Amino acid sequence: MQESAMITIQNNTAKPITQVMVRNIASEVLTYDQKHYKGNKNKTTTIKQITANQQKLAYEFKGDESNILVDLPTSLTPGASTQINVEVQTDVPWRKDRFGYQAIAGGKIYNLSFCFPYLSDYRNGKWNYHPYNDEGENRNLAVSDYQAEIYAPKSYKVVTSGESHTKDGKTTVVAKDVRDFAIVASNKFKVSSTKANGIKINNYYYAGKSAKIYNQLAKQTAVDSIKLFTKKYGPYPYSELDLTESPFGSDTGGMEYSGLVMIAQDTFARKKSASKEDYDSVIENVSHEVAHQWFFNTVGNDEYTEPWLDEGMAEFSEDIIFDLSPINKIPKKYDETDTAYNGGKSFYSLLRYLMGEKKFDQAMRDYYQTYYLKQATGKDFIAIIKKHDNSKAVNDLIKRYISPKYLQ
Ligand SMILES: [Zn+2]
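Residues numbered from 1 in each chain as written. Predicted model: local features only at pLDDT ≥ 70, side-chain atom pairs only at ≥ 80, totals over all residues. Heavy atoms only, no water.

Re the overall build of the protein chain
Okay, so step 1: The secondary structure content of the protein chain amounts to 8 helices and 22 strands.
Okay, so step 2: Over its C-alpha trace the protein chain gives a radius of gyration of 21 Å, about what one expects of a compact globule, namely 22 Å for 408 residues.
Okay, so step 3: Taking the principal axes of the C-alpha coordinates as reference, the protein chain spans close to 65 × 60 × 40 Å.
Okay, so step 4: Of the contacts formed within the protein chain by residues at least 6 apart in sequence, a portion of 68% connects residues at least 24 apart.
Okay, so step 5: Total accessible area computed for the protein chain in this model is approximately 18,700 Å², and 49% of it derives from carbon and sulfur atoms. (Helix = DSSP H or I, 4+ residues; strand = E, 2+ residues; numbered from the N terminus. Rg over C-alpha atoms; globule rule 2.2 N^0.38 Å. Contact = heavy atoms within 4.5 Å. Areas by Shrake-Rupley, 256 points an atom, 1.4 Å probe, with all protein chains shown as cover.)

See below:
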């Protein structure tokens, strides 16, 4: 995969900037794949060059090769903008995952994410980056506008974040205000579309014995999720949402990107006929991944240090809001070994119980509106909750679940 990323950088800080950090997470993913997956021993990513106005720029790696500190040709003063061009050659691993390709339905699918160079998030006076975690996430991205041109064989349907059009093997993309960009391409995709609140939902799936029901169920769950989460939290920022049937090898439910979710269960495209459990997990996975459009993609957070904000909220939205759990019951105890998912969900459920549905919903809408297309921390979330309910019960709950270091 030949990648050429022109990155426009604006200095929004009060000080001049002489270096910027570009992240190429593919480097860490491929290092992991070389070790853990057969057939990927020689898969690498190489920086061909980094330039500004055709002039080569010096760079150095920080920690590992996924963190690239680039010297700007001249110091960037506050408010000023510049452009750098990052050219990378990246192999796509043979792997059923968010970055990889696999054989499917007599053809192929390419899940392309965690593999495009991007400008790291600069926050609180430093570049933020974290080590790769194959089971979790380590992206540090600010919301940006993307324009892309993708070249693929004509037999492939190319699905991306934002709005795209394909003609003669060239896909042109405009994606405004997106936090992360992903591409999924397959030469066997079927597509079926519907609408919810004026938003176009495109479901990409494979032919097969249970395909018709899978398609209806995935679309209906997306429609219901969009309607429900819009009512509860606030508006979805984009005009489209794409769902791709993108099997992963593990028991992962899917993966979220702005305007695109991969639905990862490894069943429908391969099984002769689906079971009730398979259908149940379509509902769980689609509602969870669509909830991430609200929490992570629209209201961002650091998904490495505070996953309870995005994963906890997606899990809560899937299990409590989507399933219409009654408010008058004390939520049952969850397995707290999995802190980000279940600890987070349990915390939000108890918070909703203590505050009452009306006050909780008001606080959530306030949180969503305040940090819409921005980034929040745990401390920001707690401040909004306390603004709406500063009772002893709520404060005690916060103390019980969240380390005081977030509340300073
Ligand atoms: Zn999730």
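Notes on the packing of aromatic side chains
Okay, so step 1: The tally for this structure, following the rule as stated, stands at 28 aromatic pairs.
Okay, so step 2: Their ring planes at 85 degrees and their centres at 5.5 Å tell us that Tyr348 and Phe381 sit as a pair that is edge-to-face. With a gap of 33 residues between them, Tyr348 in helix H5 (residues 339-355) and Phe381 in helix H7 (residues 378-388) connect regions that are remote in the sequence. (Phe/Tyr/Trp six-rings, centres within 6.5 Å; stacked < 30°, edge-to-face > 60°.)

A short note on the environment of Asn12
Okay, so step 1: Counting through the fold element by element, Asn12 comes out in the loop between strand E1 (2-10) and strand E2 (17-23).
Okay, so step 2: With a relative accessible area of 68%, Asn12 lands in the exposed category.
Okay, so step 3: Put simply, Asn12 and Leu241 are 229 residues apart on the chain and 30 Å apart in space, counted from C-alpha to C-alpha. (Buried < 20%, exposed > 50% of the residue type's maximum accessible area, 1.4 Å probe, protein only.)

Considerations on the pattern of salt bridges
Opposite charge on two side chains permits pairing when their charged atoms draw close.
Okay, so step 1: For the coordinates displayed, the defined rule picks out 19 salt bridges.
Okay, so step 2: A salt bridge links Asp33 to Arg95; the shortest N-O distance between them is 2.8 Å. Highlighted residues: Asp33 in helix H1 (residues 26-36) and Arg95 in the loop between strand E7 (81-90) and strand E8 (100-104), separated in sequence by 62 residues. You'll find Asp33 and Arg95 in the same group, each marked buried.
Okay, so step 3: In this structure, Glu149 engages Lys170 in a salt bridge whose closest nitrogen and oxygen atoms are separated by 3.7 Å. Of the two residues, Glu149 sits in strand E13 (residues 144-151) while Lys170 sits in strand E16 (residues 170-178), which places them 21 residues apart along the sequence.
Okay, so step 4: One network of salt bridges, with partners in common, ties together Asp33, Arg95, Asp97 and Asp134. (Salt bridge = Lys/Arg side-chain N within 4 Å of Asp/Glu carboxyl O.)

Some words on helix H8 (residues 392-401)
Okay, so step 1: Of all the residues in H8, the buried ones are Val394, Asn395, Leu397 and Ile398. For H8, the angular spread of the buried residues around the axis is 160 degrees, confining them to a single face. Of the exposed residues in H8, those oriented more than 90 degrees away from the buried face are Lys392, Lys399 and Arg400. (Arc of directions from axis to C-beta.)

Overview of the nonpolar core
Okay, so step 1: In this structure, Phe347, Tyr367 and Phe381 are the most contacted members of the largest nonpolar core, which totals 95 residues.
Okay, so step 2: Per-element tally for this core: the top contributor is helix H2 (residues 211-232), with 8 residues.
Okay, so step 3: Aside from chain neighbours lying at most four places away, what touches Phe381 is Trp308, Leu309, Met313, Phe347, Tyr348, Leu351, Met364 and Tyr367.
Okay, so step 4: Counting 20 residues, the second largest nonpolar core, distinct from the first, contains Met21, Leu72, Val86 and Trp127. (Core = buried A, V, L, I, M, F, W, Y, C linked by side-chain atoms within 4.5 Å.)

Structural notes on the sheet that holds strand E20 (residues 240-245)
Each strand in a sheet pairs with another by means of backbone hydrogen bonds, the pair being arranged parallel or else antiparallel.
Okay, so step 1: The 5 strands are arranged E18-E19-E20-E22-E21 in an open sheet whose pairing can be described as mixed. Where the open sheet ends on each side, the last strands, each with one partner, are strand E18 (190-196) and strand E21 (254-257). Neighbouring strand axes in the sheet, compared pairwise and without regard to direction, differ in orientation by 15 degrees on average.
Okay, so step 2: Here E20 pairs with strand E22 (residues 260-263) via 4 bridges, running parallel. Opposite Asp242, over in E22, you have Leu260 as the bridge partner.
Okay, so step 3: Here H2 sits on the sheet and contacts E18, strand E19 (199-205), E20 and E22; the angle it forms with E19, its principal contact strand, is near 150 degrees. (Pairing = 2+ DSSP bridges. Axes fitted to C-alpha atoms, helices over the stretch in contact; angles between N-to-C directions.)

Description of the side chain of Gln102
Okay, so step 1: Along the chain, Gln102 falls in strand E8.
Okay, so step 2: Here the side chain of Gln102 touches Pro247 through a polar contact of 2.7 Å, landing on its backbone oxygen.
Okay, so step 3: Every residue in contact with Gln102, bar those within four places of it in the chain, is listed here: Trp94, Lys96, Gly107, Lys108, Ile109, Asn111, Pro247 and Arg270. (Polar contact = N/O pair within 3.5 Å; in protein donor to acceptor, adjacent residues only side chain to side chain.)

Details of the pairing of E22
Two faces make up the sheet, and in a regular strand the side chains alternate between them.
Okay, so step 1: Burial along E22 is two-sided: the residues Leu260 and Met262 and Val261 and Ile263 are all buried.
Okay, so step 2: Here E21 pairs with E22 via 4 bridges, running antiparallel. Within E22, the position partnered with Met255 by the bridge is Met262.
Okay, so step 3: As consecutive antiparallel partners, E21 and E22 are separated by 2 residues, and within that stretch Gly259 has a phi angle of approximately 75 degrees, a positive value.

Focus: the environment of Arg95
Okay, so step 1: The exposure class of Arg95 is buried, given its relative accessible area of 5%.
Okay, so step 2: Arg95 sits 36 residues away from Pro131 along the chain, and the two C-alpha atoms are 21 Å apart.
Okay, so step 3: Excluding residues that lie within four positions of it along the chain, Arg95 makes contacts with Tyr32, Asp33, Tyr37, Asn40, Gly100, Tyr101 and Asp134.
Okay, so step 4: Within the structure, the side chain of Arg95 is placed 3.0 Å from the side chain of Asp97, a separation counted as a polar contact.

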